[in-house]
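The primary structure of each chain is shown beneath.
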Amino acid sequence: MMAYIVRRALYGIPILIGVNVITFMLFFVVNSPEDMARMHLGMKRVAPEAIQKWKQEHGYDKPLLYNAAASGTESLTDTIFFEKSIKLFQFEFGSSDSGRDIGYDISQRMWPSLAIAVPTLIVGLAINITFALLIAFFRATYIDYWSVVLCVVMMSISALFYIIGGQYVVSKLLHLVPVSGYDTGLGAVKFLILPVIIGVIGGIGSGTRWYRTLFLEEINKDYVRTARSKGLSENRVLFQHVLKNAMIPILTGVVVILPLLFMGSLITENFFGIPGLGSYTIEAINRQDFAIVRSMVFLGSVLYILGLILTDISYTLVDPRVRLS
Amino acid sequence: MSDTLLRIKNLKTWLGRGAAPVRAIDGIDLEIKKGETFALLGESGCGKSMTALSIMRLLPPIGRIVDGSIHLGETSLLDLPENRMRNERGGRMGMIFQEPMTSLNPVLTVGAQIAEAVRIHDASQQQDVETRVVELLKAVGIPDPEQRFGEYPHQLSGGMKQRVVIAMALAGRPQLLIADEPTTALDVTIQAQVLALMKQLQQESGMAILLITHDLGVVAEVADRVAVMYAGQIVETAPCKAFFQTPRHPYSQKLFHSIPGRDKRSERLAVIEGTVPPLDQEFSGCRFADRCDAVMLICRHQPPQWDQYAEGQGVRCHLQEGAEAAVEQPVSLGEGSVAVAENSPPTPLLGVNDLKVHFPIHKGIFRRVVGHVRAVDGVSLEIPVGQTLAVVGESGCGKTTVGKAILQLIKPTAGQVRFDGDELTRLRGEALRRRRADLQIIFQDPMASMNPRMLVRNIIEEGMLAQGVGGHAAERQIRVAQLLGQVGLPASAADRYPHEFSGGQRQRICVARALAVEPRLIICDEPTSALDVSVQAQILNLLQALQQQLGLSYLFITHDIAVVAYLAHEVAVMYLGRVVERGTVAEVLDDPQHPYTQALLSAVPVAEPGGKRKRIHLEGDMPSPSNPPAGCHFHPRCPQAMERCQKSYPKAISLSETRAVSCLLLEQ
């Protein structure tokens with residue numbers, strides 16, 4: 001088990017290097033250090049000396065990937081790519097191009113992100129499982145049929161529609177909660193209710209439909225027939241036998257996204273003006289702040305790899321048949 | 001009538017709604033007495049399992065009982081509300097199922113699953129459920145019951161799982177145990193263990209058993225009375241002994257004639273032509289009429305009535321006393337051809353020498369190889385031209401791996417495979433590809449071994465195209481039609497898809513596919529074990545006829561001794577990756593020398609009731625091939641094991657020109 005985890009973690013290193021290279025290339029295909037300097041110094045009439053100075057201060061005065069002027073290993077290490085990437089592996093994100101400490105910003109902005117993502121996940125999970133079990137109980141009836149139709153309809157509607165529609169009805173017409181914004185402490189609750197509810201509703205269609213499939217797949221298995229032949233009631237069959245087995249794919253599907261909850265949601269945070277990591281990333285992209293974009297992509301990859309390892313471990317916890325080796 | 005436990009009257013169970021529901025059970029009557037074993041016999045799709053599920057009221061959602069009554073003692077089961085029915089289910093009636101692998105919940109411990117049943121049904125044991133569970137585990141012969149309590153189903157072998165299912169069914173101290181093909185998925189030695197266990201439990205508790213099976217041998221072994229089902233009806237009921245002496249219904253008689261065996265070697269097996277009629281119709285005549293050799297005019301117009309004979313035998317047939325005489329006698333194949341094949345000096349076509357297939361076991365961060373699964377560990381075989389060698393053994397003994405290694409579908413770890421002068425293990429690329437035309441394989445599950453999206457024509461043609469034989473398109477078309485004719489299918493079959501055929505027809509297509517490239521050796525990997533016995537007879541007849549016409553050699557991989565006796569010339573018995581005994585069929589089957597062969601043969605149920613054979617019971621299961629026992633692999637289970645057996649693996653001792661046995665008993 002330990003050996004397995006170590007091996008999986010080691011596999012993560014080449015993946016992270018690859019992610020870094022690709023982010024770097026994509027970013028500098030679109031931008032050049034020159035553009036970045038102009039962006040930060042103001043677009044018009046910037047003296048070439050000022051640009052040069054900005055590049056020097058921020059470490060963008062070197063070649064991108066390969067330094068022909070240097071010799072030996074320095075031709076690879078004395079470049080923007082190497083200098084900027086190597087520290088990421090020690091989780092030192094450095095300062096952004098506008099001079100702020102990225103590590104500090106992340107530690108501040110992850111809390112609003114979590115405050116939306118965690119309740120959305122938990123409430124959504126509870127509601128989806130409940131609905132799916134209910135539909136499974138009424139399998140092969142009209143209730144089942146129309147529920148699936150409803151799920152497909154709900155899946156087909158864009159998340160943007162739920163957000164804008166929700167803001168219009170709940171905030172603008174009914175004045176129940178503010179349209180957008182954020183506050184510290186308990187004051188944040190009134191800003192969080194709407195995005196959480198909308199996040200849950202937006203996920204019901206696909207979640208319920210998927211869990212229903214999982215339940216029905218289990219319900220038709222032989223061991224369920226054995227359980228019934230023991231004289232168990234339908235409730236006990238569903239909760240004791242079917243739910244336990246169907247929870248295996250459900251749980252592991254949840255565990256893989258757990259670490260990514262930190263990253264926040266790009267769209268929701270932007271629309272509701274929540275100062276989380278999602279909106280942080282969007283703002284950085286708009287400002288062409290490479291330091292932040294690269295840090296966030298790197299962090300996302302690390303968390304994703306972590307999520308996959310956690311998934312494997314969680315399998316061994318919920319499924320007695322699985323042993324890691 | 002006080003000794004009647006279960007009484008079913010005119011039961012009708014339909015599947016599906018709409019205009020033409022499938023009448024899966026169409027009016028059956030049966031009675032089971034207290035403490036007896038009642039066997040319900042029939043081929044797949046005849047309604048046996050539906051009968052069991054109807055009694056338990058566990059029909060699938062599309063099924064419903066439309067008429068009739070079921071009484072357990074004085075209770076009318078069909079009138080009980082669902083919550084009271086639950087007390088009967090698992091209480092007075094317990095049920096065990098065919099597939100022990102899937103019929104236990106994989107995420108609950110064995111103990112918890114049995115405890116669940118105890119809690120519902122056994123009011124006297126509420127204080128000490130755990131003790132009762134351990135007691136049940138002990139009763140079904142599970143060693144270390146305290147430890148097994150906390151284990152999960154995947155940690156147990158198939159036989160052990162079936163014992164757990166039985167323990168679960170016993171939790172409510174049932175008066176009736178319904179066993180739906182309880183041993184079909186198990187190996188013969190394990191089957192013998194489970195049947196003996198059921199018999200013993202019945203003697204202890206006096207419960208009745210409704211045994212659902214397709215295996216006449218199992219019926220003969222354990223049943224007191226038999227009912228034969230066909231197309232949703234019971235066509236014959238009889239006490240076991242009378243049934244085996246004089247089966248009265250033409251269908252029952254056909255079933256007997258289609259069982260392969262030694263005594264039928266030179267004959268074609270009787271086959272039941274055609275298929276079971278679709279059950280979504282009202283029958284105006286006898287359901288078996290289209291397939292019956294003794295069919296009369298009246299059979300087409302009038303459904304036969306139930307005729308009761310003396311001694312509890314009854315039959316649903318218009319023919320009465322004369323039924324037996326009318327059945328077609330098996331046709332002789334012509335003694336000559338077989339005899340010639342057996343006597344001619346054998347020229348070996350395939351020679352396998354010390355073949356080994358080891359699969360590495362990896363461990364640790366760097367996945368070092370820490371051991372090997374010795375699936376095949378030094379097997380030597382020889383197959384002469386035009387003959388059949390059967391490789392026999394239980395699941396996990398490595399017989400399928402031998403087949404694949406001969407074909408070079410798995411790379412052998414060591415050893416030689418000589419085919420007609422060529423060393424196959426050294427052939428590479430083009431040369432090996434060309435050789436593949438000579439060696440073909442037929443698999444166990446014909447549906448799974450054909451691409452469902454290809455037409456039968458393309459399936460048969462594919463090999464010809466790969467080998468560049470069969471000429472241009474028009475010639476190939478003629479060849480496909482000819483091949484289909486050879487396996488007894490119409491040429492029109494070429495333009496259909498595999499799912500449009502029945503199981504037996506699909507296996508014929510697989511045979512045609514193998515024949516397309518004109519092979520000289522066909523490896524048959526359990527080709528009939530997924531088929532009903534009457535269909536199996538068709539395939540065996542076909543294989544035997546093809547061997548005589550084309551001079552094919554077969555390597556026949558099977559666990560079915562009756563098939564071996566019918567078809568093979570020589571036999572090799574495998575245990576844990578090695579051949580323990582080989583010789584001609586007569587030598588091995590009549591006079592087995594290795595204790596494993598003796599036990600294996602004695603465990604096979606024979607379709608003769610009261611045949612007092614000495615049964616050798618093997619304890620436990622086959623060990624894992626990754627860690628075989630020291631010395632002789634068989635010694636931990638061997639009834640005749642000596643101290644010396646633990647030390648070294650016995651060498652093969654040649655008893656005759658064709659015969660070799662690996663056992664220390666023979667070394668003196």
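As the structure is a prediction and not an experimental result, all values here were calculated from the model.

With that settled, consider the pairing of strand β2 (residues 22–33) of chain B. Two faces belong to every sheet, and in a regular strand the side chains alternate between them. Residues and elements named next belong to chain B. Relative to β2, strand β1 (residues 4–15) is paired through eight bridges, and the arrangement is antiparallel. Opposite Leu6, over in β2, you have Ile32 as the bridge partner. What sits between the antiparallel neighbours β1 and β2 is a turn of six residues, in which Gly16 has the positive phi angle 80°.

Right, let's get into the domain arrangement of chain A. Residue and element names in this part refer to chain A. By domain assignment, chain A separates into domain 1 (2–90) and domain 2 (102–324). Taking the mean C-alpha position of each, domain 1 and domain 2 sit 35 Å from one another. Listed per partner, the contact involves 23 residues of domain 1 and 19 residues of domain 2. Taken together, the two surfaces of domain 1 and domain 2 that pack against each other cover about 1800 Å², and 74% of this comes from carbon and sulfur. Applying the counting rule to domain 1 against domain 2 returns one salt bridge. One salt bridge connects Arg8 with Asp312, and the closest N-O pair in it is separated by 2.4 Å. Elements with a minimum of two residues in the side of domain 1 that touches domain 2: α1 (2–30), α2 (33–41) and α5 (80–86). For the side of domain 1 that touches domain 2, the residue count by class is 14 nonpolar, six polar and three charged.

Let us now look at the interface of chain B and chain A. Taken together, the 27 residues of chain B in the interface contact 25 residues of chain A. With both sides pooled, the region where chain B packs onto chain A buries about 2400 Å², and carbon together with sulfur makes up 64% of that total. Broken down residue by residue, the surface that chain B buries against chain A is led by Val107(B), Glu116(B) and Ile365(B), which jointly contribute 23%. Between Glu116(B) and Arg236(A) there is a salt bridge whose closest N-O contact spans 3.5 Å. Here chain B and chain A share 11 residue pairs in polar contact (both at pLDDT 80 or more) between them. For the side of chain B that touches chain A, the element with the most residues is helix α3 (residues 110–121) of chain B, which contributes five residues. Among the residues forming the side of chain B that touches chain A, the class breakdown is 14 nonpolar, eight polar and five charged.

Position of Leu80(B) among the secondary structure elements: in the loop between β5 (75–76) and α2 (82–88). In contact with Leu80(B), other than residues within four places in its own chain, are Arg57(B), Thr75(B), Met85(B) and Glu88(B).

Our focus in this paragraph is the packing of helix α16 (residues 456–467) of chain B against helix α17 (residues 473–486) of chain B. Residues and elements named next belong to chain B. At their nearest, the axes of α16 and α17 sit 10 Å apart, and the two run at 115° to each other. By the angle between their axes, α16 is roughly perpendicular relative to α17. Of the two possible hands of crossing, α16 and α17 adopt the one that is right-handed. Residues Val456, Arg457, Ile460, Glu461, Met464 and Leu465 of α16 touch α17, and the partners they reach there are Arg476, Gln477, Arg479, Val480, Leu483 and Leu484. For the contact of α16 with α17, the class distribution of residues is seven nonpolar, one polar and four charged.

Cut-offs used in this document
Residues numbered from 1 in each chain as written. Chains lettered and ligands numbered in written order. Predicted model: local features only at pLDDT ≥ 70, side-chain atom pairs only at ≥ 80, totals over all residues. Heavy atoms only, no water. Pairing = 2+ DSSP bridges. Helix = DSSP H or I, 4+ residues; strand = E, 2+ residues; numbered from the N terminus. Domains from an automatic or database assignment. Contact = heavy atoms within 4.5 Å. Buried area = accessible area lost by both parts, 1.4 Å probe. Salt bridge = Lys/Arg side-chain N within 4 Å of Asp/Glu carboxyl O. Nonpolar A, V, L, I, M, F, W, Y, C, P; charged D, E, K, R; others polar. Polar contact = N/O pair within 3.5 Å; in protein donor to acceptor, adjacent residues only side chain to side chain. Axes fitted to C-alpha atoms, helices over the stretch in contact; angles between N-to-C directions. Parallel < 35°, antiparallel > 145°, perpendicular 65-115°, else oblique. Left-handed = near helix turned anticlockwise from the far one by under 90°.

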